[in-house]
Amino acid sequence: MSEKSDPPLPLPRNASMLIDSYDISGHSGTTGQNTALKRPVPALSSDTDVVKERPPVSPQPTDSPPPNGADLAPETRWMLAVRDQRDKAAFASLFDHFAPRLKGFIIRSGSAGAQAEEIVQDVMLTVWHKAEQFDPHRAQVSAWIYQIARNRQIDLHRKLGRPLPEELKEEPGQEPDASQIIAVQQETQQLKDALSRLAPNQRDMIEKAYLGELSHQAISTQTGLPLGTIKSRIRLGLERLRHDLKGMR
Amino acid sequence: MTAITQHTPDALLAAYAAGTLPPVFALVVATHISMCAECRAAYESHQAVGGALLDSASEATLSDGFKSNLMAQLDLPMDQVITRPAPQPTAKAKGIYPAPLMEVLKNKPPRWRSLGLGMKQAILNADEGGSLRLLHIPPGQAVPDHGHNGMELTLVLQGSFSDETGHFARGDLEVADEELEHTPVADGGEVCICLAATDAPLRFNSLMPRLFQPLFRI
Ligand SMILES: [Zn+2]
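Residues numbered from 1 in each chain as written. Chains lettered and ligands numbered in written order. Predicted model: local features only at pLDDT ≥ 70, side-chain atom pairs only at ≥ 80, totals over all residues. Heavy atoms only, no water.

Caption draft 1: Looking closely at the overall build of chain B. When its secondary structure is counted, chain B shows 7 helices and 11 strands. Counting only residues that meet the buried cut, chain B has 57% of its 218 residues in that class. (Helix = DSSP H or I, 4+ residues; strand = E, 2+ residues; numbered from the N terminus. Buried < 20%, exposed > 50% of the residue type's maximum accessible area, 1.4 Å probe, protein only.)

Below, the structure written as structure tokens:
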């Protein structure tokens, strides 16, 4: 991170197209069922350029939440339904997706079966209770759950918790920004693709680093942590938040 | 107004996310992230890498009844269902001190002790896990020439200092490794206040500072 600040990314040229393809306001047939992205804020429906023509949408499975925000990953839709509607069915879907992976991940980082399940339980209950901290403009559900899981594993071994950065809150009355949310999702997909293309030994080292098996000294000898361009995108997500960073000094 | 120019190296941010950074360094990194959007974005992108790995982790079978048992607990308060929940940070940033630091200070002003020559320090942690302290250096004053057995992180909270490697102002983080022998000097103007962490004792290079060492307790 020693380089100069990246210039803010210009919005992708197709940003408006992304908004077009994503029905944030819940018209076109799903009125009253738009769980995804529903915040106690006015919807974007008055913006004439928002929803013009929706591309054909493939049929959605009938699980909850109801079909909406076709471009949003199901995990994001479930998480938003949990956050904003306290939707237990959506939570059950999140559980089905993440709990077995979490258990596998936690076992790999050294906690045996029974303890691994205790950690999975604590993590999933934290997801339910701390849902208001989830911000899709900066993170995919997987990234958020990853940090909860690592924190839990560390806290079990330490008297004091892991020191956390100050939490940033959204400006009151902010509307969700679909293009930003979808861009974070796309960047994460690219990150996943990049990880899957790594040579096995390189991927193994990276897994070790993020599973907490390498010291910072060992990590610094590793080159090319695959961050890609996601950092610039998350930086844009941070711009939405209330903080005093701009006037630091 | 100038931007923060000296940031947290990627390896430290990755180790911070993974939880392998020693606690004194983790506190400095959490404090820097609280001041620096650039490093917050980088930190969150490390979480994204961790998340991508989690998402592609191989699935382990859960025991029978695990899910129904968990679903049945959703309506109970969090502290009833999680054993030994992690203490939630409650402190807010105050003046030059960001929230994670106020948390360590237990919401009180630092307890400064004189080191002579107008310098003061407030020790926040001194044990086998490393030392963490605040330093108060009058303008123009030099911190005794020293080297490190391990790593030293210095985060500027007020004023600025310069040493052999560069110039550091509010928000800047200096990472000094074993090879670096440096003499930080506070710049003119404001008193320089820094948060400094080491994971091993400092090595001082002259007699006078060696007398200082018990005082520094580092
Ligand atoms: Zn920074």
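Caption draft 2: Structural context of the packing of aromatic side chains. According to the stated counting rule, one finds 6 aromatic pairs over all chains in the structure shown. A centroid spacing of 5.4 Å and a plane angle of 70 degrees characterise the contact between F91 of chain A and W128 of chain A, whose relative ring orientation is edge-to-face. Of this pair, F91 of chain A sits in helix 3 (residues 88-108) while W128 of chain A sits in helix 4 (residues 113-129), placing them 37 residues apart in sequence. Overall, the relative accessible area of 0% leaves F91 of chain A in the buried class. The residue whose ring lies beneath R86 of chain A is W128 of chain A, and the NZ or CZ to ring-centre distance is 4.0 Å. Of note, R162 of chain A hangs over the ring of Y16 of chain B, and the distance from its end group to the ring centre comes to 4.1 Å. (Phe/Tyr/Trp six-rings, centres within 6.5 Å; stacked < 30°, edge-to-face > 60°. Lys NZ or Arg CZ within 6 Å of the ring centre and 35° of its normal.)

Caption draft 3: A look at the coordination of the zinc ion. All names here are of chain B. All of the protein donors around the zinc ion are H7 (ND1), H32 (NE2), C36 (SG) and C39 (SG); their distances to the metal are 2.1 to 2.3 Å. Coordination at the zinc ion is tetrahedral, judged from the 4 donor atoms that bind it and the angles of 92 to 132 degrees they form at the metal. All donor residues of the zinc ion come from one chain, and their arrangement in sequence is H-x24-H-x3-C-x2-C. Summarising the burial analysis for this pair, H32 and C36 share the class buried. (Donors = N, O, S within 2.8 Å, 3.2 Å for Na, K, Ca; no water. Tetrahedral: all angles 85-135°; square planar, octahedral: opposite > 155°, others 65-115°.)

Caption draft 4: Structural context of the interface of chain A and chain B. At the junction of the two partners, chain A supplies 77 residues and chain B supplies 84 residues. For the pair chain A and chain B, the summed buried area comes to about 7,300 Å², and 62% of that belongs to carbon and sulfur atoms. Put simply, D75 of chain B and K88 of chain A hold a salt bridge, and the shortest N to O gap is 2.7 Å. Secondary-structure elements contributing two or more residues to the side of chain A that touches chain B are helix 3, helix 4, helix 5 (141-155), helix 6 (178-196), helix 7 (200-210), helix 8 (216-221) and helix 9 (230-239) of chain A. Partitioning the side of chain A that touches chain B into residue classes produces 38 nonpolar, 14 polar and 25 charged. (Contact = heavy atoms within 4.5 Å. Buried area = accessible area lost by both parts, 1.4 Å probe. Salt bridge = Lys/Arg side-chain N within 4 Å of Asp/Glu carboxyl O. Nonpolar A, V, L, I, M, F, W, Y, C, P; charged D, E, K, R; others polar.)

Caption draft 5: Structural detail: the confidence of the model for chain A. All names here are of chain A. On average, chain A scores 75 in pLDDT, and the residues at 70 or more come to 66%. Mean pLDDT across the elements of chain A ranges from a minimum in helix 1 (residues 15-20), with 32, to a maximum in helix 2 (residues 74-85), with 97. Predicted confidence for residues 1-68 stays below pLDDT 50, and this span has 107 contacts to residues more than four positions away or in other chains. Taken as a whole, residues 245-249 scores under 50 in pLDDT and shows 16 contacts with residues more than four places along the chain or in a different chain. (pLDDT = per-residue confidence, 0-100.)

Caption draft 6: Looking closely at the pattern of salt bridges. Enumeration according to the criterion identifies 17 salt bridges over all chains in this entry. Put simply, R138 of chain A and E44 of chain B hold a salt bridge, and the shortest N to O gap is 2.4 Å. Linking R138 of chain A in the loop between helix 4 and helix 5 with E44 of chain B in helix 3 (residues 37-55), this pair reaches from one chain into another. Judged by its relative accessible area of 12%, R138 of chain A is buried.

Caption draft 7: Region of interest: the packing of helix 3 of chain A against helix 5 of chain A. All names here are of chain A. For the pair helix 3 and helix 5, the least separation of the axes is 12 Å and the interaxial angle reads 45 degrees. In terms of orientation, helix 3 and helix 5 fall into the oblique class. Of the two possible hands of crossing, helix 3 and helix 5 adopt the one that is right-handed. Listed contacts from helix 5 to L94, F98, L102, F105 and I106 of helix 3 are V141, S142, I145, Y146, A149 and Q153. For the contact of helix 3 with helix 5, a count of residues per class yields 9 nonpolar, 2 polar and no charged. (Axes fitted to C-alpha atoms, helices over the stretch in contact; angles between N-to-C directions. Parallel < 35°, antiparallel > 145°, perpendicular 65-115°, else oblique. Left-handed = near helix turned anticlockwise from the far one by under 90°.)

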